[in-house]
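Per-entry structural report
As a plain string of letters, each chain reads:
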Amino acid sequence: MWQSIEIGGKEAEAFLPENRTSNHAIIYLHAHGEERLSEKDEFTNLFEKYGYPVICPRGKKGWWMDVVCEEFDPETTPMEYVRNDVVHWIEKELQISAPNLALLGISMGGQGALNISYRYALTFPIVAAISSAVDFHKAYGQGFPLDQMFASAELARQQSAVLHIHPLNWPKFHFFACDPMDPTWFEGNEILASKLSSSGIMYECDLKTSHGGHNWRYFTAMAEKSMEFIDHAFKKMS
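Bear in mind that the values here come from a model prediction, so they are computed numbers and not experimental data. (Residues numbered from 1 in each chain as written. Predicted model: local features only at pLDDT ≥ 70, side-chain atom pairs only at ≥ 80, totals over all residues. Heavy atoms only, no water.)

**As for the overall build of the protein**
A tally of regular secondary structure across the protein gives 7 helices and 8 strands. Viewed in the frame of its principal axes, the protein has a C-alpha envelope of about 45 × 40 × 35 Å. Within the protein, the proportion of its 238 residues that are buried is 53%. Carbon and sulfur atoms make up 47% of the accessible area of the protein, which amounts to about 10,200 Å² in all. (Helix = DSSP H or I, 4+ residues; strand = E, 2+ residues; numbered from the N terminus. Buried < 20%, exposed > 50% of the residue type's maximum accessible area, 1.4 Å probe, protein only. Areas by Shrake-Rupley, 256 points an atom, 1.4 Å probe, with all protein chains shown as cover.)

**A few points about the pairing of strand β7 (residues 173-177)**
Most of β7 is tucked away, with 5 of its 5 residues classed as buried. The alternating pattern of β7 places Phe-173, Phe-175 and Ala-177 on one face and His-174 and Phe-176 on the opposite face, and all of these are buried. With 5 bridges connecting them, strand β6 (residues 126-130) and β7 associate as parallel partners. The residue bridging Val-127 from the neighbouring strand is His-174, located in β7. Crossover β7 to strand β8 (residues 204-206) through helix α6 (residues 186-198) is right-handed. (Pairing = 2+ DSSP bridges. Right-handed = clockwise from strand over helix to strand, strands pointing away.)

**Quick word on helix α7 (residues 216-237)**
In this model, α7 (22 residues) spans 30 Å end to end at C-alpha, consistent with the 32 Å of a helix rising 1.5 Å per residue. Of all the positions in α7, only Tyr-218, Phe-219, Met-222, Ala-223, Ser-226, Met-227, Phe-229, Ile-230, Asp-231, Ala-233 and Phe-234 are classed as buried. On its buried side, α7 packs onto β3 (25-29), α1 (41-50), β5 (101-106), β6, β7 and β8. Its side-chain oxygen placed 3.1 Å from the backbone nitrogen of Arg-217, Asn-215 serves as the N-cap of α7. (Expected span 1.5 Å × (residues − 1). Contact = heavy atoms within 4.5 Å. Polar contact = N/O pair within 3.5 Å; in protein donor to acceptor, adjacent residues only side chain to side chain.)

**Notes on α6**
Helix length check: α6, at 13 residues, gives a terminal C-alpha distance of 19 Å against a target of 18 Å (1.5 Å per residue), a fit within 8%. Burial in α6 covers these residues: Phe-186, Gly-188, Asn-189, Leu-192, Ala-193 and Leu-196. For α6, the arc enclosing every buried residue in end-on projection is 160 degrees, short of the 170-degree limit, so these residues lie on one face. Next to the buried residues of α6 lie α3 (108-119) and β7. Just past α6, the residue Gly-200 takes up positive phi, approximately 75 degrees. (Arc of directions from axis to C-beta.)

**Regarding the side chain of His-24**
For His-24, the location among the structural elements is in the loop between β2 (10-15) and β3. Overall, His-24 belongs to the buried group, its relative accessible area being 6%. Engagement of the side chain of His-24 in a polar contact is seen with the side chain of Ser-22, the distance being 2.7 Å. Among all residues touching His-24, those that are not within four sequence positions of it are Tyr-52, Pro-53, Ile-96, Asn-100, Phe-234 and Ser-238.

**Remarks on the packing of aromatic side chains**
Inspection of every chain in the model, using the stated rule, returns 12 aromatic pairs. Considering the side-chain rings of Phe-136 and Phe-150, the 6.2 Å spacing of their centres and the 50 degrees angle between planes classify their relative orientation as tilted. Taken as a pair, Phe-136 in the loop between β6 and α4 (146-149) and Phe-150 in the loop between α4 and α5 (153-157) lie far apart in primary sequence, 14 residues in all. Site record: aromatic cluster; members linked through ring pairs are Trp-2, Phe-15, Phe-43, Phe-47, Trp-216 and Phe-219. (Phe/Tyr/Trp six-rings, centres within 6.5 Å; stacked < 30°, edge-to-face > 60°.)

Now the structure itself:
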């Protein structure tokens with residue numbers, strides 16, 4: 001059920017179930033390690049269970065930001081690519097259009113999913129983010145493409161999801177989770193939860209379940225929760 005596809009001249013993958021359960025689709029944003037869900041049997045089994053198409057664009061190490069990353073593309077930003085090329089491909093090939101779309105992401109992709117949904121909640125009213133690198137600016141100065149995307153860690157921080165929460169326009173269905181043993185990204189998720197609560201924005205989160213930190217055992221456990229959340233959201237929208 002996995003297929004290699006091309007979207008906007010770039011490589012991508014798609015999980016296309018034989019029997020779609022509804023007129024909805026999920027866009028998955030990968031982590032910094034660029035691991036493929038097609039190689040993770042637990043995720044394939046989950047996608048088979050729920051029956052939604054899952055489109056997996058490849059964003060290199062561009063953090064899914066609205067900032068040019070030369071490694072990804074010299075002109076189009078990763079966020080533009082998701083909003084335009086990926087969404088248009090889903091509309092054309094699957095006849096599924098916004099707002100019947102959900103964003104799902106892990107780590108780098110988790111922050112990307114949050115960041116995009118916060119800015120474009122009408123297009124992406126459902127978001128589920130696992131172990132999100134909310135305060136991704138912490139990775140600045142470590143020799144990644146992030147260093148070329150921003151002139152400083154502070155300029156990177158200005159693009160973080162926490163600073164792009166709209167008080168009157170947020171994703172209607174909103175879930176995120178982070179392992180309390182995740183030494184790098186847990187604090188940012190706590191801050192995000194605090195900001196959302198103080199702003200009166202409805203959300204669901206799991207900041208208590210632990211499977212040893214930032215690892216695929218945890219990601220897989222939270223994927224099951226995330227898919228259950230997305231499935232429930234899609235059904236409420238129908």
